[in-house]
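Understanding the architecture of this molecule
This is what each chain is made of:
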Amino acid sequence: LLFLNKVLITETRSLLSVFEEDAGTLTEYTNQLLQAMQRVYGAQNEMCLATQQLSKQLLAYEKQHFALGKGDEEVISTLHYFSKVVDELNILHSELAKQLADTMVLPIIQFREKDLTEVSTLKDLFGLASNEHDVSMAKYSRLPKRKENEKVKNAEVAKEVANARRKQHLSSLQYYCALNALQYRKRVAMMEPMLGYTQGQINFFKKGAEMFSKRMDNFLSSVSDMVQSIQGELDAEAEAMRVSQQDLISVNESVYTPDSDVTSPAINRNLIQKAGYLNLRNKTGLVTTTWERLYFFTQGGNLMCQPRGAVAGGLIQDLDNCSVMAVDCEDRRYCFQITTPTGKPGITLQAESKKEYEEWICAINNISRQIYLTDNPEAAAIKLNQTALQAVTPITSFGKKHEVHHPSQNVKNTANDKIVPNETAGIQDSTQLIAPGTPIQFDIVLPATEFLDQNRGGRRANPFGESEDSSKDEEEDSLLQQMFVVRFLGSMAVQSDDTSEVIYEAMRQVLAARAIHNIFRMTESHLMVTSKNLRLIDPQTQSCEPDVTQFAAHQDNKRLIGFVVHLSETLGEESMSAYIFESNTEGEKICYAISLGKEIIEAQKDPEALAQLMKSVALTNDGKFMLLNDQSEEDGTIHEEGEESEA
């Protein structure tokens with residue numbers, strides 16, 4: 001019996017270690033399973049919050065201010081409907097989250113807190129009872145042989161051993177029962193949470209199907225068709241872009257190279273609007289400058305600039321009545337400058353190629369003439385440029401038209417008191433006016449004879465014939481004094497000054513030559529009209545008095561005016577040249593000022609005629625003739641007595 005007892009104790013301890021190992025493994029697994037289930041529950045809660053946020057964002061699409069809102073009406077209405085659907089789904093997700101908390105997470109937590117914790121507590125109690133039993137047995141083993149005086153002590157130790165054994169036996173039975181029950185409870189604990197999870201998901205999908213299956217079919221079908229239609233458009237656009245990319249890749253490299261056709265670029269001179277990148281010159285100090293590459297475009301009569309990153313462009317220059325010319329700037333190519341109507345230099349720009357350079361100049365030149373305000377700006381620009389190109393073939397009707405509207409004007413030159421008779425000659429052939437092949441000068445240069453005079457120590461002369469006798473006193477005594485800003489376009493020798501036809505022919509040939517040879521530079525000067533003389537004030541040549549025998553203004557381009565000037569040659573011979581200018585003022589007003597000066601000269605010979613003339617024309621406070629008030633406000637050309645031009 002003792003042997004069998006020992007065998008049972010050994011087997012019990014072996015089985016106990018197996019059960020304890022199984023309980024430890026189950027505890028570790030249960031903790032991991034609980035973490036996974038809590039993660040699912042947390043994801044479901046996050047799903048509820050996410051769907052709420054999604055619904056709000058779908059409604060917020062309508063409040064966005066998209067720069068490109070094509071097709072947004074359909075998108076907005078569709079997203080509004082989807083927002084309602086998401087709100088209803090959010091209700092189902094909230095119910096599912098509550099169901100998962102009650103049927104999945106809670107059972108596994110109860111299993112861990114009740115069953116596994118109970119087994120762990122009973123294990124600790126069983127260990128304490130075993131330790132107390134071992135201590136009591138150790139005391140009992142140390143009892144001496146039986147003595148009469150220690151009978152009472154031995155009985156107490158024996159009773160203590162009996163209580164320890166009873167307590168150990170009771171705790172072991174409770175512990176063993178808990179371990180045996182754990183084997184059954186773990187099966188239920190593993191299946192019950194998953195049963196709740198599965199039932200919750202089934203209920204979620206079942207309610208969702210009942211809620212949306214019928215009414216969502218048509219809506220989802222229409223949305224699917226719309227998406228497929230948009231995708232089809234996208235595919236077609238992508239294919240077109242792919243073909244365009246292939247075409248761009250296959251083109252010649254010269255397309256991307258600036259000035260690839262610098263010798264004969266295809267230039268459009270009829271532009272009334274232009275856009276592209278230019279380099280803008282900025283002054284950073286007294287002598288230092290920087291160049292900034294910016295995007296420029298024209299808008300009506302304005303030149304606009306849009307820096308990088310800017311949403312819209314800003315005004316940088318008003319182009320109405322301005323002038324543009326090519327300039328040499330810091331050894332850079334393709335530079336041009338825009339000058340304000342008052343003659344003040346404006347901005348300096350640089351193009352990247354000859355084609356861009358010339359098209360910008362032509363476009364600005366067309367805009368400055370306010371062609372964009374006409375009913376058909378393109379046709380007006382074409383006509384303006386054809387007028388210049390037609391000069392290679394003389395057109396006699398051009399002179400006839402001007403003959404009707406603007407009879408030729410005659411001038412008295414106050415230096416030699418010579419009066420040119422009124423024009424009576426008819427229209428002559430262009431070859432009689434200007435010899436074929438006559439060269440055209442685009443700068444006011446010195447004749448050969450005057451160059452020789454300079455080598456002999458003479459003072460510098462000008463093709464207009466510099467006057468030695470002009471003085472400030474004469475200007476102060478003159479009854480008329482008017483200043484005009486003019487720009488020199490070109491000059492050429494002529495054979496006659498009997499008719500204004502020679503001026504019209506010279507205008508045609510000068511404009512044609514400038515257009516054909518792409519010449520844009522112009523020399524700016526000031527033309528002073530007084531009752532004593534006609535003076536040209538130029539920064540390089542200072543002051544000169546031309547011997548003008550004929551003058552006329554262009555009718556179509558009202559800012560063009562021409563003069564026929566007599567030049568002295570060697571051996572006392574004289575030659576005639578036509579000089580063509582562009583003015584900020586209408587040419588008719590300049591002709592009127594010159595004609596008024598001539599009338600004053602004639603009237604000064606007769607006091608009564610002079611008094612009658614002074615009554616018919618407004619006078620300034622100091623008794624001088626006043627005219628062109630509107631133009632003087634524009635150009636600031638009325639000078640008080642003794643003033644000089646800043647030129």
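What you see is a predicted model; the values in this text were computed from it and never measured.

About the cut-offs
- Counting starts from 1 at the beginning of each chain's written sequence and moves along it residue by residue.
- Only residues with pLDDT of at least 70 get local features here, since the model is predicted, and only at 80 or more are side-chain atom pairs given and counted; chain-wide, interface and lining totals rely on the full set of residues.
- Think of the side-chain values as coming from all heavy atoms in the structure, minus any hydrogens and water.
- Only runs of H or I of at least four residues qualify as helices and only runs of E of at least two qualify as strands under DSSP, and these elements are numbered from the N terminus.
- The buried label applies to any residue whose accessible area, calculated with a 1.4 Å probe on protein chains only, is under 20% of its type's maximum; exposed applies above 50%, and partly exposed to all values in between.
- Here, two residues are considered to be in contact whenever any of their heavy atoms come within 4.5 Å of each other.
- Note on areas: Shrake-Rupley with a 1.4 Å probe; residue coverage comes only from the protein chains shown.
- Here, a salt bridge means any Lys or Arg side-chain nitrogen found within 4 Å of an Asp or Glu carboxyl oxygen.
- Residues enter patches when their relative accessible area tops 30% and they take part in no salt bridge; the joining distance is 9 Å for like charges and 5 Å for the nonpolar side chains Val, Leu, Ile, Met, Phe, Trp and Tyr.
- Confidence of the predictor at the level of single residues is captured by pLDDT, which takes values from 0 to 100.
- One fewer than the residue count of a helix, multiplied by 1.5 Å, yields its expected span.
- Pairing of aromatic rings covers Phe, Tyr and Trp, the last through its six-membered ring, and needs centres within 6.5 Å; plane angles under 30 degrees mean stacked, over 60 mean edge-to-face, and all others mean tilted.
- In plain words, nonpolar cores are sets of buried Ala, Val, Leu, Ile, Met, Phe, Trp, Tyr and Cys residues tied together by side-chain atoms within 4.5 Å.
- Should DSSP find at least two bridges between two strands, the strands are regarded as paired.
- Angles here are taken between N-to-C directions and fall from 0 to 180 degrees, while the axes themselves are lines fitted to C-alpha atoms, restricted in helices to the stretch in contact.

**What to know about the overall build of the chain**
- Looking only at helices and strands, the chain features 14 helices and 17 strands.
- Classification of the 647 residues of the chain by burial places 40% in the buried group.
- Look at the contacts in the chain between residues 6 or more apart in sequence, and 68% of them connect residues 24 or more apart.
- Here the chain has roughly 37,300 Å² of accessible surface; of this, 54% comes from carbon and sulfur atoms.

**Some details on the pattern of salt bridges**
- For the coordinates displayed, the defined rule picks out 20 salt bridges.
- We note a salt bridge from E113 to R112, for which the minimum N-O separation is 3.0 Å.
- On the basis of relative accessible area, E113 is assigned to the partly exposed category, the value being 44%.
- In the salt-bridge network here, residues are joined through shared partners; they are R369, R487, E524, R559 and E582.

**Structural notes on a nonpolar patch on the surface**
- Judged by side-chain polarity, L248, V251, V255 and Y256 come together as a nonpolar surface patch covering roughly 410 Å² of accessible area.
- Here V251 is to be found in the loop between α4 (215–250) and β1 (275–283).
- Judged by relative accessible area, which is 33%, V251 ranks as partly exposed.

**A closer look at unusual backbone geometry**
- Its identity is not glycine, yet N321 carries a phi of approximately 60°, on the positive side.
- With respect to the helices and strands, the residue N321 is situated in the loop between β4 (314–318) and β5 (323–326).
- Here N321 falls in the partly exposed class, since its relative accessible area comes to 32%.
- Of note in the backbone geometry, Q370 takes a positive phi value of approximately 60° without being a glycine.
- Exposure remark for Q370: the relative accessible area of 27% places this residue in the partly exposed category.

**A word on the confidence of the model for the chain**
- Put simply, the chain has an average pLDDT of 76, and 75% of its residues get 70 or more.
- Counting contacts from residues 390–427, a segment whose pLDDT is below 50, to residues more than four positions away or on other chains yields 82 contacts.
- Here residues 628–647 scores under 50 on pLDDT; set against residues more than four positions off or in separate chains, the count is 38 contacts.

**Here we look at helix α5 (residues 354–368)**
- When the terminal C-alpha atoms of α5 are compared, their 21 Å separation across 15 residues agrees well with the 21 Å that a helix rising 1.5 Å per residue should span.
- The element α5 is extensively covered by neighbouring structure, given that 12 of its 15 residues are classed as buried.
- Within the sequence span of α5, burial applies to E356, Y357, E358, E359, W360, I361, C362, A363, I364, N366, I367 and S368.

**As for the packing of aromatic side chains**
- Across all of its chains, the model carries 13 aromatic pairs by this definition.
- Summarising the aromatic geometry, the rings of F126 and Y176 are spaced 5.9 Å apart at their centres and angled 55° between planes, so their arrangement reads as tilted. On the criterion of sequence distance, the pair formed by F126 in helix α2 (residues 72–141) and Y176 in helix α3 (residues 151–212) is long-range, its members being 50 residues apart.
- According to the relative accessible area criterion, F126 is buried, its value standing at 10%.
- In textbook terms, an aromatic cluster arises when at least three aromatic residues are bridged by ring pairs, as seen for F488, F563, Y579 and F581.

**Focus: the nonpolar core**
- Of all hydrophobic cores here, the largest spans 28 residues; its most connected members are I108, F111, V119, Y175, L179 and L182.
- Those elements that provide at least two residues to this core are α1 (2–60), α2, α3 and α4.
- When residues of this core are assigned to their parent elements, the largest contribution, 12 residues, is made by α2.
- Leave out the neighbours within four places in its chain, and L182 touches A23, L26, F111, D115, L116 and V119.

**What to know about the environment of M191**
- Position of M191 relative to the elements: it lies in helix α3.
- Residue M191 is classed as exposed on the basis of its relative accessible area, which comes to 55%.
- Between the C-alpha atom of M191 and that of I108, which follows or precedes it by 83 residues, the distance is 9.6 Å.

**Examining the environment of T263**
- For T263, the position within the fold is in the loop between α4 and β1.
- Residue classification places T263 among the exposed residues on the basis of a relative accessible area of 68%.
- For the pair formed by T263 and K354, sequence separation is 91 residues and the distance between their alpha carbons is 9.1 Å.

**What to know about the sheet that holds strand β6 (residues 335–339)**
- As summarised here, the arrangement of the 7 strands in space is β4-β3-β2-β1-β7-β6-β5, forming an open sheet in which the pairing is antiparallel. On the outer flanks of this sheet lie β4 and β5, each paired with one strand and no other. Averaged over all pairs of adjacent strands, the angle between their axes in this sheet comes to 40°, without regard to strand direction.
- Across 9 bridges, β1 lies against strand β2 (residues 289–299) in antiparallel orientation. By the bridge assignment, A275 is partnered in β2 with F297.
- The sheet contacts of α5 involve β1, β2, β3 (302–306), β5 and β6, and relative to β6 the element is tilted by about 10°.

**Let's talk about the pairing of β6**
- Most of β6 sits inside the fold, with 5 of its 5 residues counted as buried.
- Of the two faces of β6, both are covered, the one formed by C335, Q337 and T339 as well as the one formed by F336 and I338.
- Of the strand pairs in this sheet, β6 and strand β7 (residues 345–350) are connected by 4 bridges, and their pairing is antiparallel. Counted as the bridge partner of F336 is L349 from β7.
- Where β6 folds back onto β7 in an antiparallel hairpin, the turn is made up of 5 residues, including G343, whose phi is positive at roughly 90°.

**Points about the environment of F66**
- Its location among the elements puts F66 in the loop between α1 and α2.
- By relative accessible area, which is 42% here, F66 ends up partly exposed.
- Excluding residues that lie within four positions of it along the chain, F66 makes contacts with Y61 and D72.

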